[in-house]
Amino acid sequence: MRIPDRYFEKQPDIVVRLFCKWRDYMHSGAVDYSRGDSCVHGMNHYERVLFHVLTVGQDIFGDDEEALEALAQAAVWHDSRRQDEELDTGHGARAAVYYTDYCRAHPDVRFHDEVPYLMRYHDLDDSVGQAAIKKGFGGNAPRVLKMYEVFKDADALDRWRLGSRGLNTKYLRTASARQKVDEARELVNSTEDPCVLKFIDDEVRRNWVTD
């Protein structure tokens, strides 16, 4: 999959640069994706979440490269330890452990303290993640809580891949994400095979596959 160039024409340089850096890293084979060939939680999903997390993140954090790189890393690793296409509660925690161990083994990848929290709690209720972040980050918690909202919204924006009922916009947390709903739907349609989308839509209607 390649996200069409038109999506980057109006994006600031920092978004384009970080997107290219981490997209290329995903495709380098360095990260082990347990479901990398999945049509629901595979590489197309990772790329679109990476795009959304950087565009929404830049709206909120501006050119704060520390925040944007942490968000990008969360996008790269967040579903890497999924075991199936269903709810799979706990895949965020497994991804957090994998990311932490990976950074220890690969010192060229800078470890960001926020990333394990963003991933660990992205498959749980917001209140659980918010409580953990408040406890873990003290005075810096408001910033990390905003990053958590951005990441969960970026992941949610790609729910259009699950069909016409995939995204319930009332659950989006940030104004920026709400403004990108139509673009997110168009992005899915621009980067997926229509036959695959129809197949997934039919499966979701039967089984309600979730993030």
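Residues numbered from 1 in each chain as written. Predicted model: local features only at pLDDT ≥ 70, side-chain atom pairs only at ≥ 80, totals over all residues. Heavy atoms only, no water.

Asker: An account of the overall build of the protein chain is needed here, citing residue identities and associated values.
Answerer: Of regular secondary structure, the protein chain possesses 10 helices and zero strands. Starting at the N terminus and walking to the C terminus, you meet the elements of the protein chain as α-α-α-α-α-α-α-α-α-α. A principal-axis box enclosing the C-alpha atoms of the protein chain has dimensions of 45 × 35 × 35 Å. Taken across its 211 residues, the protein chain has 55% of its residues classed as buried. A sequence separation of at least 24 residues applies to 71% of the contacts in the protein chain between residues at least 6 apart. Taking the average location of the 30 positive side-chain charges in the protein chain and that of its 38 negative ones, the two points are 4 Å from each other. (Helix = DSSP H or I, 4+ residues; strand = E, 2+ residues; numbered from the N terminus. Buried < 20%, exposed > 50% of the residue type's maximum accessible area, 1.4 Å probe, protein only. Contact = heavy atoms within 4.5 Å. Lys, Arg positive; Asp, Glu negative; His and termini not counted. Charge placed at Lys NZ, Arg CZ, Asp CG, Glu CD.)

Asker: Please give an account of the nonpolar core that cites residues and values.
Answerer: In this structure, Trp22, Leu54, Leu71 and Trp77 are the most contacted members of the largest nonpolar core, which totals 62 residues. Breaking this core down by element, the ones donating at least two residues are helix 1 (13–27), helix 2 (43–61), helix 3 (65–77), helix 4 (91–105), helix 5 (114–120), helix 6 (126–137), helix 7 (141–157) and helix 9 (181–191). When residues of this core are assigned to their parent elements, the largest contribution, 10 residues, is made by helix 7. For Leu54, the residues in contact, after removing those within four places along its chain, are Val15, Leu18, Phe19, Leu68 and Ala72. (Core = buried A, V, L, I, M, F, W, Y, C linked by side-chain atoms within 4.5 Å.)

Asker: Talk me through the pattern of salt bridges; I want residue IDs and the actual numbers.
Answerer: If you walk through the whole model with that rule in mind, you get 18 salt bridges. Here Lys21 makes a salt bridge to Glu69, at a shortest N to O gap of 2.7 Å. One end of the pair, Lys21, is in helix 1; the other, Glu69, is in helix 3, with 48 residues separating them in the sequence. When the shortest N-O distance is used, the salt bridge between Arg173 and Asp153 registers 2.9 Å. Taken together, the residues Arg173 in the loop between helix 7 and helix 8 (175–179) and Asp153 in helix 7 connect sequence positions 20 residues apart. In this structure Arg173 comes out as partly exposed when scored by relative accessible area, which is 27%. Three or more residues joined by partner-sharing salt bridges are found here, namely Arg48, Asp158, Arg161 and Glu192. (Salt bridge = Lys/Arg side-chain N within 4 Å of Asp/Glu carboxyl O.)

Asker: Go over the packing of helix 2 against helix 3 with me, naming the residues and quoting the values.
Answerer: Helix 3 packs onto helix 2 with a crossing angle of 160° between their chain directions and a minimal axis gap of 9 Å. Between helix 2 and helix 3, the angle falls in the class roughly antiparallel. Crossing of helix 2 against helix 3: the hand is right-handed. Counted together, Tyr46, Val49, Leu50, Val53, Leu54, Gly57, Gln58 and Phe61 of helix 2 and Ala67, Leu68, Leu71, Ala72, Ala75 and Val76 of helix 3 form the full contact between these two elements. (Axes fitted to C-alpha atoms, helices over the stretch in contact; angles between N-to-C directions. Parallel < 35°, antiparallel > 145°, perpendicular 65-115°, else oblique. Left-handed = near helix turned anticlockwise from the far one by under 90°.)

Asker: I'd love a proper account of helix 4, names of residues and values included.
Answerer: Relative to the 21 Å expected for 15 residues at 1.5 Å per residue, helix 4 spans 21 Å between its end C-alpha atoms, a close match to the ideal helical length. Those residues of helix 4 not exposed but buried are His91, Gly92, Ala95, Ala96, Tyr98, Tyr99, Thr100, Tyr102 and Cys103. In the core, the buried residues of helix 4 are packed alongside helix 1, helix 3 and helix 5. (Expected span 1.5 Å × (residues − 1).)

Asker: Describe the packing of aromatic side chains, listing the residues and the values that go with them.
Answerer: To describe a pair of aromatic rings, you give the distance between the ring centres and the angle between the ring planes. Counted according to the given criterion, the structure contains 15 aromatic pairs. Look at Tyr25 and Trp77: their rings are 6.2 Å apart centre to centre, the planes differ by 40°, and that puts the pair in the tilted class. Within this pair, whereas Tyr25 is found in helix 1, its partner Trp77 is found in helix 3, the two being separated by 52 residues in sequence. Taking relative accessible area as the criterion, Tyr25 reaches 18% and is therefore assigned buried. Taking relative accessible area as the criterion, Trp77 reaches 0% and is therefore assigned buried. Summarising the aromatic geometry, the rings of Trp77 and Tyr99 are spaced 5.3 Å apart at their centres and angled 70° between planes, so their arrangement reads as edge-to-face. You can see Trp77 sitting in helix 3 and its partner Tyr99 sitting in helix 4, a full 22 residues away along the chain. Three or more aromatic residues link up through ring pairs in this structure, and these residues are Trp22, Tyr25, Trp77, Tyr98, Tyr99, Tyr102 and Phe111. A cation over an aromatic ring shows up here: Arg81 above the ring of Tyr98, its NZ or CZ 4.2 Å from the ring centre. (Phe/Tyr/Trp six-rings, centres within 6.5 Å; stacked < 30°, edge-to-face > 60°. Lys NZ or Arg CZ within 6 Å of the ring centre and 35° of its normal.)

Asker: Got a sec to walk through the environment of Pro4? Specific residues and values, please.
Answerer: You can see Pro4 is positioned in the segment before helix 1. Since its relative accessible area comes to 18%, Pro4 is described here as buried. For the pair Pro4 and Lys152, spaced 148 residues apart in sequence, the C-alpha separation works out to 24 Å.

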